[in-house]
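Commentary on secondary and tertiary structure
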Amino acid sequence: MEDINKIVYVVDDDEIFHFIIKKMLGQQDDNLVVTSFLCAEEALEQLSSVPQPPLPSLIILDMNMDRMNGWDFIEAYRGMKHSLNYNIPIIMCSSSVDVRDLQKVEHTPELMAYITKPLDKMKMKVIEEYL
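For clarity, every value in this text was computed on a predicted model and none was experimentally measured. (Residues numbered from 1 in each chain as written. Predicted model: local features only at pLDDT ≥ 70, side-chain atom pairs only at ≥ 80, totals over all residues. Heavy atoms only, no water.)

1. Some points on the sheet that holds strand β2 (residues 32–37)
Threshold: Strands are treated as partners if at least two bridges between them are detected by DSSP. Only DSSP runs of H or I covering at least 4 residues are called helices, and only runs of E covering at least 2 are called strands; the numbering of each starts at the N terminus. To get an axis, fit a line to the C-alpha atoms, keeping to the stretch in contact for a helix; angles then go from 0 to 180 degrees between the N-to-C directions. In what follows, a contact means two residues having at least one pair of non-hydrogen atoms within 4.5 Å.
Strand order across the open sheet formed by five strands is β2-β1-β3-β4-β5, with parallel pairing between neighbours. Edge positions in the sheet fall to β2 and β5 (111–116), since each has one partner strand and no second. Recorded for the sheet is a direction-independent mean angle of 20° between the axes of neighbouring strands. With six bridges connecting them, strand β1 (residues 6–11) and β2 associate as parallel partners. Across the sheet, Val 11 pairs through a bridge with Phe 37, a residue of β2. Docked against the sheet, helix α1 (residues 15–28) engages β1, β2, β3 (58–62) and β4 (90–94), running at close to 175° with respect to β2.

2. As for the packing of α1 against helix α5 (residues 121–129)
What counts, and what does not: Each angle gets one of four labels, with under 35 degrees taken as roughly parallel, over 145 as roughly antiparallel, 65 to 115 as roughly perpendicular, and the rest as oblique. By convention, the crossing between two helices is left-handed when the near helix turns anticlockwise from the far helix through less than a right angle, and right-handed when the turn is clockwise. All residues other than Ala, Val, Leu, Ile, Met, Phe, Trp, Tyr, Cys, Pro, Asp, Glu, Lys and Arg, Gly among them, are scored as polar; the first ten of these are nonpolar and the last four charged.
As a packed pair, α1 and α5 sit with axes 11 Å apart at the nearest point and diverge in direction by 65°. On the basis of their axis angle, the class for α1 and α5 is roughly perpendicular. Remark: the crossing between α1 and α5 carries right-handed chirality. Here Ile 21, Met 24, Leu 25 and Gln 28 of α1 lie close against α5, whose contacting residues are Met 124, Lys 125, Ile 127 and Glu 128. In terms of residue class, the contact of α1 with α5 is made up of five nonpolar, one polar and two charged.

3. Quick notes on unusual backbone geometry
What counts is decided by this rule: Between buried and exposed lies partly exposed: a residue is buried under 20% and exposed over 50% of the maximum accessible area for its type, with that area taken using a 1.4 Å probe on protein chains only.
Residue Pro 118 follows Lys 117 across a cis peptide bond; omega there is 0°. Structurally, the position occupied by Pro 118 is in the loop between β5 and α5. Backbone geometry places Arg 67, a non-glycine residue, at a positive phi of 60°. Tracing the sequence through the fold places Arg 67 in the loop between β3 and α3 (70–84). Relative accessible area serves as the criterion here: at 67%, Arg 67 is assigned to the exposed category. A positive phi is found at Asn 85, a non-glycine position, where the angle reads about 55°.

Okay, here's the thing in structure tokens:
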């Protein structure tokens, strides 16, 4: 078993969601370190910092945020992922059930899954698959 902790980035502008997901992830794995970002720009800045910080094992990304939304984040991530030398799985987590969003998810290779809020045990199992 690995001695290093797995890092999960949670990118969401809702502080209550951060609290909930930290609690739920903490119940699943003691070796998880959850790093919270209230805006997508901060997460991108962290990913591109030099020297490179330990990369996350997973990014949980909200779709609807002010300034830079989840789709904008993915577009910016595409431009930098080659320099990371690691393909970070991304799970989009949103309250939207719009069919157009679901279709867009299917055509976005960076997204491993799409789950809707609120979180429950079944949705947490989807997250766990990528950790």
